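# Overview (structure and organization)
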Amino acid sequence: MKAVCWNGTTDVRVENVPDPEIINGRDAIIKITSTAICGSDLHLYNGYNPTMEKGDVLGHEFMGEVVAVGKESVRLSVGDRVVIPFTIACGSCVFCRQSLTSLCDNSNPNAEMAAKAFGYSPSGLFGYSHLFGGYAGGQAEYARVPFADVGAFKVPEEIPDEKVLFLSDIFPTGYMAAENCDIRPGDIVAVWGCGPVAQLTIKCAYLLGAERVIAIDNVPERLEMARTHGGAEVINYDEVDDVLETLKEMTGGLGPHCCIDAVGMEAHGSSLDNIYDWAKQTVRLETDRPHVLRQAIQACRKGGRLSLPGVYSGFIDKFPIGAAFNKGLTFKMGQTHVHRYMPLLLDLVQQGKIDPTFIITHRAPLDDAPALYEKFKKKEDNCIKVVLKP
Amino acid sequence: MKTIQEHEPQRAKPDTARMNVGTAERVGSAIGGGALVAYGLSRRSVGGALLALLGGAALYRGVTGSCPAYTSLGITTAADDRPLEEQLKERGISIEKTITINRPPEELYASWRSLPALPGVMGGLAPDGRTGGEGSRRLAEETAGSRAQWESMITEEKQNELIGWRSLPDADVESVGSVRFIPCNGGMGTEVKVALSYSPPAGRAGDAVAKLFGKDPSRRLGEDLRRFQQKMETGDIVSAGQRVSGNTGSDAGNEDARRFAWGSRDSVEEASWESFPASDPPAW
């Protein structure tokens, strides 16, 4: 089959690889009908994960049709139309039992490696390096889905792919990001980054009761999307002198109640601290560039709440713990417990409350993936979200 | 036989208090030392006094069986008749790991007891010869062409609580170990505690054992226990499947029915209970 394979930093290729096979009784094989490139794929593309290996199949946002099931998979049948959560979960460990499916104890075959890095291992992930299990991803014609009886989420035939594809990752991620900052009626929510997750977070923040949402970025078309589709007030950080002062002015001198870092470890920006981070990250003295996180902590109202959907992988420097401590901030973060949110969000789509298709800017066959990775990385051609059709 | 609880790591007794001089050497040391003391004292000179002191030291080690010089050099000529677990504590490798499994102790105990092979943990207990809860089982662990005979016997069992084992005297790998099952998590889950000490042999058998455990025996044990947890909680050993690398597949044909005709074939070929623990440590 054809698959998008990682071959090194900024080097992805469409290659012929062996078809996936059923290995365990609860597996299913999916013929992929739609698959997307995620912002977090760019972290791999840019070479920030040392456990990627040449030939690894990328992709963790995909859906399709079941073409084979293991003998123990009683819930699924050949022909079912399913969306696959990017976190792999067994459904029976103590973490899955609490709906913390991105923390599944059993789904990462390389758990000992991850436990060395993080103390304990999170769940396995599709197409996201060997640290997270080394599973082949979904930017391919077919994929093997382990624990498919728990993960594969059946969707009705009548809804088009594009309306449900993002249930696999960014829609639940956007929702959990908003939920994680415990929005109360009247709250002002600031969102750093206007990528696909942020666009959906803005919508979910309003849905959960936010009075105002302020979005911060420097890419004009993304800010425009946040304004027109999301109804957010926007700050272009290239056009204001000081984001902190601007936010303070916009919030009656108190700061936003909730701050959401939807950027993560590869923050851009021209401030002094970001240049310092960029230099250290380039020589691998620091794994992550936490410029946005620092700014969000500084900007947050006293007693406020921070939510981090943006991916962090390793270590950061100059973490303003004093500001966080003395303002009594609350932090919530983590990979999304996708399984937990899928039924609720499908409902929202079916009721017409949210239609996530507005973020899609590019549709292309699998063969175009390498060019689109580059375009997405450089934000050329107004690229915000790429959907591939294998 | 000591009870398993006593296998728990404990601070080693001070070495100076231990006998490290063999019996024949002690007799010789005592007689020679006594003679030197008598002769030295009879000389009534400085040299004689020094000889007497030297003789006193020899007499001391002969009588007590403990030689400070041997201790500082790590030498012993005494036969070590302490229990194997104590010996291995000192000269072997001891590891301990605990995991929590979301199943009741009875289930875990029964499954552990019926495991065909747990080479990383118990040196492998073959299912044959299991009568009355005790017996010796033999596993030939084959690793890269060399074999280590690793015979173990169950030394202690408490239903649903613990299993203790040790290697038989002629085993290539001397080992003792235990696994305990402790209910937790409101009765839903179980802490599984494994304590293991082993002494790697020299030569080809040693190579096999080294390969089996890898550079990091603690990590190997951790991986084995994770697989046990996976099997117990999910029914399967998880696997990322075949190593996919580019341009090795054929692109001939696209007909799903033909491609996936094996959809209902027997599962679990690469990772099976029989091959448990199946995979090698990740290459990274």
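In this text, all values refer to a predicted model and were calculated from it rather than measured experimentally.

Residues and elements named next belong to chain A. Residues other than glycine seldom take positive phi values, yet Phe 147 does so here, at roughly 50°. Its place among the elements puts Phe 147 in the loop between β9 (142-145) and α4 (148-151). In the Ramachandran plot, Lys 318 falls in the positive-phi region, its phi being about 55° despite a non-glycine side chain. Checked against the element boundaries, Lys 318 lands in the loop between β15 (305-308) and α12 (321-326).

Residues and elements named next belong to chain B. Helix length check: helix α1 (residues 23-43) (21 residues) gives 30 Å between terminal C-alpha atoms against 30 Å at 1.5 Å per residue, within 8%. Taken together, the buried positions of α1 are Ser 29, Gly 33 and Gly 40. End-on, the buried residues of α1 take up no more than an arc of 40°, which puts them together on one face. Projecting away from the buried face of α1 at angles above 90 degrees are the exposed residues Thr 23, Ala 24, Ile 31 and Ser 42.

Our focus in this paragraph is the nonpolar core. All names here are of chain A. Phe 166, Leu 167, Phe 171 and Val 189 are the most contacted members of the largest nonpolar core, which has 78 residues in total. Among the elements that make up this core, the one with the highest residue count is helix α13 (residues 338-350) (seven residues). Leave out the neighbours within four places in its chain, and Leu 167 touches Val 83, Phe 153, Val 155, Pro 172, Val 338, Met 342, Leu 345 and Leu 346. In terms of nonpolar packing, the next biggest core, distinct from the first, is built from 23 residues, Ala 28, Cys 93, Phe 147 and Ala 148 among them.

It is worth spelling out the confidence of the model for chain B at this point. Residues and elements named next belong to chain B. Predicted confidence across chain B gives a mean pLDDT of 64, with 54% of residues reaching 70 or more. Looking across chain B, the model is least confident in helix α9 (residues 256-259), with a mean pLDDT of 31, and most confident in strand β1 (residues 93-101), with 89. The low-confidence segment residues 1-16 (pLDDT under 50) makes 29 contacts with residues lying over four places distant or belonging to another chain. This complex was scored by the predictor with a pTM of 0.78 and an ipTM of 0.86.

We now examine the packing of α1 of chain B against helix α2 (residues 46-64) of chain B. The axes of two packed helices give the description: the angle between them and the distance between them. Residue and element names in this part refer to chain B. With their axes 7 Å apart at the nearest point, α1 and α2 run at an angle of 155° to one another. In terms of orientation, α1 and α2 fall into the roughly antiparallel class. As for the relative orientation of α1 and α2, their crossing is left-handed in sense. Facing α1, whose interface residues are Glu 25, Arg 26, Ser 29, Ala 30, Gly 33, Gly 34, Leu 36, Val 37, Tyr 39, Gly 40, Leu 41 and Arg 43, α2 presents Gly 48, Ala 49, Leu 51, Ala 52, Gly 55, Gly 56, Ala 58, Leu 59, Arg 61, Gly 62, Val 63 and Thr 64. Of the residues contributing to the contact of α1 with α2, the split by class is eleven nonpolar, nine polar and four charged.

When you line up the elements, Ala 38 of chain B lands in helix α1. Along the sequence, Ala 38 of chain B and Leu 51 of chain B sit 13 residues apart, while their C-alpha atoms lie 9.3 Å from each other.

This part takes up the environment of Gly 79 of chain A. Residues and elements named next belong to chain A. With respect to the helices, strands and loops of the structure, Gly 79 is situated in the loop between β5 (61-69) and β6 (81-84). Taking the relative accessible area as the measure of exposure, Gly 79 reaches 33% and is therefore partly exposed. Note: C-alpha distance between Gly 79 and Tyr 237 (158 residues apart in sequence) is 48 Å. Once residues within four sequence positions are removed from consideration, Gly 79 is found in contact with Glu 65, Val 66 and Glu 157.

Reading the values: rules and limits
Residues numbered from 1 in each chain as written. Chains lettered and ligands numbered in written order. Predicted model: local features only at pLDDT ≥ 70, side-chain atom pairs only at ≥ 80, totals over all residues. Heavy atoms only, no water. Helix = DSSP H or I, 4+ residues; strand = E, 2+ residues; numbered from the N terminus. Expected span 1.5 Å × (residues − 1). Buried < 20%, exposed > 50% of the residue type's maximum accessible area, 1.4 Å probe, protein only. Arc of directions from axis to C-beta. Core = buried A, V, L, I, M, F, W, Y, C linked by side-chain atoms within 4.5 Å. Contact = heavy atoms within 4.5 Å. pLDDT = per-residue confidence, 0-100. Axes fitted to C-alpha atoms, helices over the stretch in contact; angles between N-to-C directions. Parallel < 35°, antiparallel > 145°, perpendicular 65-115°, else oblique. Left-handed = near helix turned anticlockwise from the far one by under 90°. Nonpolar A, V, L, I, M, F, W, Y, C, P; charged D, E, K, R; others polar.

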